[in-house]
There are 2 protein chains.
Amino acid sequence: MPKTVPVLEQILNANDQIALQNRSQFDAEKVFAINLMASPGAGKTSVIMATIKALRDEYRMAYINGDLASSIDADKVAELGIPAVQINTGGQCHLDATMIQRVLPQISLREVDLLVVENVGNLICPTEFRLGIHRNVLIASIPEGDDKPYKYPGMYLGADVMLLNKMDVIDAFDFDMDYFRRGVEILNPGLVFFPVSCKTGEGMVNWLAWVRTEVSDFMENGGAGYENR
Amino acid sequence: MPKTVPVLEQILNANDQIALQNRSQFDAEKVFAINLMASPGAGKTSVIMATIKALRDEYRMAYINGDLASSIDADKVAELGIPAVQINTGGQCHLDATMIQRVLPQISLREVDLLVVENVGNLICPTEFRLGIHRNVLIASIPEGDDKPYKYPGMYLGADVMLLNKMDVIDAFDFDMDYFRRGVEILNPGLVFFPVSCKTGEGMVNWLAWVRTEVSDFMENGGAGYENR
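Values in this document were obtained by computation on a predicted structure and should not be read as measured data.

Quick word on the sheet that holds strand S4 (residues 114–118) of chain A
Hydrogen bonding along the main chain pairs the strands of a sheet, whether they run parallel or antiparallel.
All names here are of chain A.
Step number 1: With parallel pairing, seven strands are arranged side by side in an open sheet as S3-S2-S4-S1-S5-S6-S7. Of all strands in the sheet, those with a lone pairing partner are strand S3 (84–88) and strand S7 (192–195), marking the two edges. The average angle at which neighbouring strand axes cross in this sheet is 20 degrees, direction not considered.
Step number 2: Two strands pair when backbone bridges link them, and strand S2 (residues 61–67) and S4 are joined in this way by five bridges, in the parallel orientation. Each residue of the ladder has a partner; that of methionine 61, found in S4, is leucine 114.
Step number 3: Where helix H7 (residues 177–187) meets the sheet, its contacts fall on strand S5 (135–141), strand S6 (161–165) and S7, and the angle it forms with S6 comes to roughly 160 degrees.

What follows is the structure in structure tokens.
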């Protein structure tokens, strides 16, 4: 199917351009934007809800959620009292920059310090579409197994930070932490990596400290130093 | 991006044609073929290994695995002494009919009764590409959460049978079985559904009975009555 390759490349290039436009808006309005990616059920929404509860008095936050269908996650987050927008991708396996651009008018960016984007649950496709955000956050989880870096390398290559969630159930699974770490280290040497449990709260303080440092750096230095993510 | 739609339709149609060619081969050689789909880490390979151990003396089995990278799963299955072929999709988020067609010459279909295909770990994209197999098997798992039917409806719509794996850890998770069942029932009324644990063996007898019945029906009646899957 060689005919499809140029079309796909055109789409990706067009997407990158729109991502840069999103980024310009974020930078102009001093909004630090992060994109959370994970397998279905790894705990993206749980991490986000815990993060909002911990930080909503420090920062003005907003949330964009991508799912094939339903508004389950955006409804949960809206209950926490921050602006929450649902994108239904209608079958698309990922968010793209155009989907983000289309919903930004629904958020008053001038009144936001930290924008959290939750991508579609998928360890493959979301890595191929830049959104214009500043940092990519990968959430792995214990029940998924220790071999995921080896099987889904693209996701681990593109992460700026990683949470390993559901540490509270590690004894119930055969999870070889050394094997997992080696896989991560091959792909993304030195990746900042927090073992956490949203259920017990274990390790969340380290993740929250990372977010605080990142937001401070951004507020101090602006958006010039970030890759197009 | 309206220009891309006709191209995608052409690819899907071409894929369907090749799927039918694969199906013709399976039917001619009396090979019953199933396609296992699931989220990353739901336990596809564990279910398959348990199934092979239980049934390899009854049926001549073969295995095709799809992953973005690595041959971890095919290596494990090959150790069980059945023909195992690895497809690395090179970034593609799903298997397609052409990938299957390309590896079939590596398997002596005449000497196979039951072909098990393990798709790429992904709850979205694999549903869009028919392979030419007879039955789609969905493996859900407790740690993924009870809301997955609502968020990934396409996967639940296209399943012929479902296993709900990792029942051994249900007490460690907030999994509302009624909510899960209702979601499944809306999408796929009457779907055959087996709660199992590959780790403890719980429920596997029911799944194995389903496989035996399906293989018998196929051997008796041939492949004419199956949808193009």
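Comments concerning the relation of the copies chain A and chain B
Step number 1: When chain A is fitted to chain B, the best match, at an RMSD of 0.0 Å, comes from turning it 180 degrees and sliding it 0.0 Å along the axis. Look at the turn and shift together and you get a two-fold axis relating the two.
Step number 2: Mapped onto chain B, 100% of the interface residues of chain A are again interface residues, and the two copies thus contact each other with one and the same surface.

Some remarks on the confidence of the model for chain A
Step number 1: Here chain A averages 94 in pLDDT, while 96% of its residues score no lower than 70.
Step number 2: Here the predicted complex carries an ipTM of 0.89, next to a pTM of 0.92.

Some thoughts on the nonpolar core
Step number 1: Among the nonpolar cores identified, the biggest contains 52 residues, and Tyr156, Met162 and Phe180 of chain A together with Met162, Leu164 and Phe180 of chain B are the most heavily contacted of them.
Step number 2: Breaking this core down by element, the ones donating at least two residues are S5, helix H6 (153–157), S6 and H7 of chain A together with strand S5 (135–141), helix H6 (153–157), strand S6 (161–165) and helix H7 (177–187) of chain B.
Step number 3: With sequence-adjacent residues up to four places away left out, tyrosine 156 of chain A is seen in contact with Leu138, Ala140, Lys148, Pro149, Met162, Phe180, Val184, Leu187 and Asn188 of chain A.

Let's talk about H7 of chain A
Residue and element names in this part refer to chain A.
Step number 1: Where H7 is concerned, the buried positions are Phe180, Gly183, Val184 and Leu187. The buried residues of H7 occupy an angular sector of 95 degrees when projected down its axis, which confines them to one face. Projecting away from the buried face of H7 at angles above 90 degrees are the exposed residues Asp178 and Ile186.
Step number 2: The inward-facing, buried residues of H7 contact S5, helix H5 (148–151), H6, S6 and S7.
Step number 3: N-cap assignment for H7: the residue whose side-chain oxygen lies 3.1 Å from the backbone N of aspartate 178 is aspartate 176.

Here we look at the packing of helix H2 (residues 44–55) of chain B against helix H8 (residues 204–221) of chain B
Residues and elements named next belong to chain B.
Step number 1: At their nearest, the axes of H2 and H8 sit 11 Å apart, and the two run at 65 degrees to each other. With respect to H8, the axis of H2 lies roughly perpendicular. Where H2 crosses over H8, the two elements pack in a sense that is right-handed. Residues Val47, Ala50, Thr51, Ala54 and Leu55 of H2 lie in contact with H8, whose contacting residues are Met204, Trp207, Leu208, Val211 and Arg212.

As for the environment of asparagine 206 of chain B
Residues and elements named next belong to chain B.
Step number 1: When you line up the elements, asparagine 206 lands in helix H8.
Step number 2: Accessibility expressed as a relative area gives 41% for asparagine 206, which makes it partly exposed.
Step number 3: Taking C-alpha positions, asparagine 206 is 9.0 Å from proline 195, a pair spaced 11 residues apart along the chain.

What counts and what doesn't
Residues numbered from 1 in each chain as written. Chains lettered and ligands numbered in written order. Predicted model: local features only at pLDDT ≥ 70, side-chain atom pairs only at ≥ 80, totals over all residues. Heavy atoms only, no water. Pairing = 2+ DSSP bridges. Helix = DSSP H or I, 4+ residues; strand = E, 2+ residues; numbered from the N terminus. Axes fitted to C-alpha atoms, helices over the stretch in contact; angles between N-to-C directions. Contact = heavy atoms within 4.5 Å. Least-squares fit on C-alpha atoms with pLDDT ≥ 70 in both. pLDDT = per-residue confidence, 0-100. Core = buried A, V, L, I, M, F, W, Y, C linked by side-chain atoms within 4.5 Å. Buried < 20%, exposed > 50% of the residue type's maximum accessible area, 1.4 Å probe, protein only. Arc of directions from axis to C-beta. Polar contact = N/O pair within 3.5 Å; in protein donor to acceptor, adjacent residues only side chain to side chain. Parallel < 35°, antiparallel > 145°, perpendicular 65-115°, else oblique. Left-handed = near helix turned anticlockwise from the far one by under 90°.

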